Amino acid sequence: MRKIQKGYRWLTVAGSMVIGLLGGLIYAWSIFVRPVCAAYGWETNQVVLMGNVMMACFSVGTFLGGLIWPRCGLRRTGVLGTVLFSGAVVCAAYAPSPAAMYLSWGVAGGVGIGILYSIGMYAASAWFPKKRGSVMSLFLMCFGLAPTVLAKPLTVLLTQLGVRHTMLGLGVSLFVVLGGISAFLMRMPPATWGAAPAAQAAPQAMTPCTLREAVRTGTFWLFAGGIFCLTSPYAFINSFTTVYAVDYRGLSGAQAVWIVSAAGLGAAGGRLLGGVVSDRRGCRTAVALACLSSMTSCVLLLLCSGFWGVLLAFVLVSVGFGLRAPVYGLWPVDRFGAETAGSVYGAASLAAIPAVLLAPMLTAAASYPVSTVCAFLAAILGLAAFLATPRYTPLMRKNGLKPNNLECCGADGRR
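No experiment lies behind these values; they were computed from the predicted model shown. (Residues numbered from 1 in each chain as written. Predicted model: local features only at pLDDT ≥ 70, side-chain atom pairs only at ≥ 80, totals over all residues. Heavy atoms only, no water.)

Thoughts on the overall build of the protein
For the protein, the count of helices and strands is 19 helices and zero strands. Taken over C-alpha atoms, the radius of gyration comes to 21 Å for the protein, in line with the 22 Å a tight globule of 415 residues would show. Based on the C-alpha atoms only, the size of the protein along its principal axes is roughly 65 × 45 × 35 Å. Buried positions account for 54% of the 415 residues belonging to the protein. Sequence-distant contacts, at least 24 apart, represent 85% of the contacts inside the protein between residues at least 6 apart. For the protein, the computed accessible surface area is about 17,300 Å², with 69% contributed by carbon and sulfur atoms. Put simply, the protein has 29 plus and 8 minus side-chain charges, and the middle of one group is 6 Å from the middle of the other. (Helix = DSSP H or I, 4+ residues; strand = E, 2+ residues; numbered from the N terminus. Rg over C-alpha atoms; globule rule 2.2 N^0.38 Å. Buried < 20%, exposed > 50% of the residue type's maximum accessible area, 1.4 Å probe, protein only. Contact = heavy atoms within 4.5 Å. Areas by Shrake-Rupley, 256 points an atom, 1.4 Å probe, with all protein chains shown as cover. Lys, Arg positive; Asp, Glu negative; His and termini not counted. Charge placed at Lys NZ, Arg CZ, Asp CG, Glu CD.)

This is the structure in structure tokens:
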């Protein structure tokens, strides 16, 4: 039976990677903007914030997914996310107005992707308790690579089939593929999976903190504050990549495309690196690297005006954005318990909503140097929030472990 389970866990990993790749469409709205405006007769400024709205609703979906799947199971939760996501894409094909497009693609689609994200990240990593970060990083890497992988196929489809038929075909394909994965591959391991034989026989398991208990602790609010601060540098800069490169630094359109592509690869590489570093050196080290990468990027943006300096700056801010992603999944596991980590992470990730919405507005209203300095300060505050988190965790406190027994806080030693 155990051999079957060991084989099955790799199917779960493969399924989660497909969920990540297709869910990464959340980053691909820029591919649709011009075709949608041309097909429906809308102005670009009427739909330009679609990606921001989708990201905000994605955070809501992550929170809902973390609440639902421990109660309803991964399969039902995954099917719910699939129906919302695929249905949103189909409805977007018939959107009569920009407002309807925002409600379908932006709101329903964002929530659906968030739900799928929560189960894709935690289902696969639960099968590898000693390598949670590395497995999470595989899922997150696929999530970040989606625009790079899907850009060309989507562009071809939009050119040859048009917007409506592309969205219809995409929606149906998402329903079949993601629905099948959710129904047949998403499964959590047995409760004793990965434990030593003596631990399996022990009657007392670590009792996780509930979401209600978690939100009453300073650890949770430092975690949420860290998410807000570390999302901000990327949100300040990423929305204006092309405009910054062409209009502010005088680079060519072709060079701006190279910068965008390199930034996408940087985000994917950062996700992979973040999981490996978290498993081997601890979450605090991964966060420190993420912040250092973001701060270095800000310095380069202030000082460099040439192509290679600007490209390196955007790659580094994307690497920093990717590095912190696995940490967000691992941090609540060690501090509140694996069973409720999804709901705790989902609740804390709501802090990303104001960062995603407000940072681009501030960048648009202020000068680029001012917004870059703000991004630098946000990275420092984010690092401070994570480093200030007490090593004596709420999970330890609830289970009666003493403060000097810190090695028990994380099964794999992550700190």
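Moving on, there is more to tell.
Considering the environment of Gly169
Within the secondary structure layout, Gly169 lies in helix H8 (residues 163–184). What makes Gly169 partly exposed here is its relative accessible area of 34%.

Comments concerning the side chain of Ser297
Its place among the elements puts Ser297 in helix H14 (residues 283–303). Residue Ser297 is classed as buried on the basis of its relative accessible area, which comes to 0%. Residues in contact with Ser297, not counting those within four places in the same chain, are Ala313, Phe314, Leu316 and Val317.

What to know about the packing of aromatic side chains
For the structure on display, the rule yields 22 aromatic pairs. An aromatic cluster of at least three residues, connected via ring pairs, comprises Phe58, Tyr117, Phe139 and Phe143. Across the ring face of Phe321, the terminal group of Arg324 is positioned such that the distance to the ring centre comes to 3.7 Å. Cation over ring: Arg335 sits above Trp331, and NZ or CZ is 3.7 Å from the ring centre. (Phe/Tyr/Trp six-rings, centres within 6.5 Å; stacked < 30°, edge-to-face > 60°. Lys NZ or Arg CZ within 6 Å of the ring centre and 35° of its normal.)

Things to note about the nonpolar core
Within the largest apolar cluster, 82 residues are counted, with the highest numbers of intra-cluster contacts made by Trp29, Phe32, Val36, Met101, Trp105 and Met167. Considering each element in turn, this core owes the most residues, ten residues, to helix H6 (residues 98–126). Those residues within four positions of Trp105 in sequence are excluded, and the remaining contacts are Trp29, Phe32, Met50, Met54, Ala88, Val89, Ala92, Gly110 and Met167. Residues Phe240, Val310, Leu311 and Phe314 belong to the second largest nonpolar core, which totals 27 residues. (Core = buried A, V, L, I, M, F, W, Y, C linked by side-chain atoms within 4.5 Å.)

Remarks on the pattern of salt bridges
If you walk through the whole model with that rule in mind, you get one salt bridge. Glu213 is the salt-bridge partner of Lys398, the closest N and O atoms lying 2.8 Å from each other. Taken together, the residues Lys398 in helix H19 (residues 394–398) and Glu213 in helix H10 (residues 211–214) connect sequence positions 185 residues apart. For Lys398, a relative accessible area of 35% corresponds to the partly exposed category. The partly exposed category is assigned to Glu213, whose relative accessible area is 32%. (Salt bridge = Lys/Arg side-chain N within 4 Å of Asp/Glu carboxyl O.)

Quick notes on empty space enclosed by the protein
Following the criterion strictly, the structure yields three cavities of 30 Å³ or more and no others. The wall of the largest cavity is formed by 17 residues, among which Met55, Phe58, Phe321, Arg324 and Tyr345 lie closest to the centre. Only helix H4 (50–72), helix H11 (218–238), helix H15 (307–336), helix H16 (341–349) and helix H17 (352–365) provide two or more residues apiece to the lining of the largest cavity. Counting residues per element, the lining of the largest cavity draws most heavily on H15, which supplies four residues. Considered class by class, the residues forming the lining of the largest cavity number twelve nonpolar, three polar and two charged. By volume, the second largest cavity is sized at about 70 Å³. As for the second largest cavity, its lining consists of Phe236, Ile237, Phe240, Tyr244, Leu301, Phe314, Thr363, Tyr368, Ser371 and Thr372. Among the elements of the structure, H11 and helix H18 (368–387) are those that each provide at least two residues to the lining of the second largest cavity. In terms of residue count, H18 provides more of the lining of the second largest cavity than any other element does, three residues in total. (1 Å grid on protein atoms, 1.4 Å probe; cavity = no way out; pocket = protein on both sides within 12 Å on 5 of 7 lines; lining within 4 Å. Points joined across faces, edges and corners; volume = space filled by probe spheres on them. Nonpolar A, V, L, I, M, F, W, Y, C, P; charged D, E, K, R; others polar.)

Digging into the packing of H15 against H16
Between H15 and H16, the least distance of the axes is 9 Å, while the angle of their chain directions is 125°. By the angle between their axes, H15 is oblique relative to H16. As H15 runs across H16, the sense of the crossing is right-handed. Between H15, through Tyr328, Pro332, Val333 and Phe336, and H16, the contact on the second element is made entirely by Ala341, Val344 and Tyr345. Taken together, the residues of the contact of H15 with H16 sort by class into seven nonpolar, no polar and no charged. (Axes fitted to C-alpha atoms, helices over the stretch in contact; angles between N-to-C directions. Parallel < 35°, antiparallel > 145°, perpendicular 65-115°, else oblique. Left-handed = near helix turned anticlockwise from the far one by under 90°.)

A look at helix H13 (residues 253–281)
Here H13 spans 40 Å end to end across 29 residues, near enough to the 42 Å set by a 1.5 Å rise per residue. Within two residues after H13, Gly282 carries a phi angle of roughly 105°, on the positive side. (Expected span 1.5 Å × (residues − 1).)

Things to note about helix H7 (residues 132–161)
Owing to its 3.6 residues per turn, the α-helix brings residues three or four apart onto one side. The end-to-end C-alpha separation of H7 is 41 Å, in line with the 44 Å expected for 30 residues at 1.5 Å each. Of all the bends in H7, the largest measures some 50° and sits at Leu145, one to four residues before the proline Pro147. (Bend = angle between axes of the 7 residues up to and from the residue.)

Examining the environment of Ser318
Inspection of the secondary structure assignment puts Ser318 in helix H15. Among the residues examined, Ser318 registers a relative accessible area of 2% and is labelled buried. C-alpha separation for the pair Ser318 and Ala262, spaced 56 residues apart in sequence, amounts to 9.0 Å. Once residues within four sequence positions are removed from consideration, Ser318 is found in contact with Tyr234, Ala263, Gly266 and Ala267.

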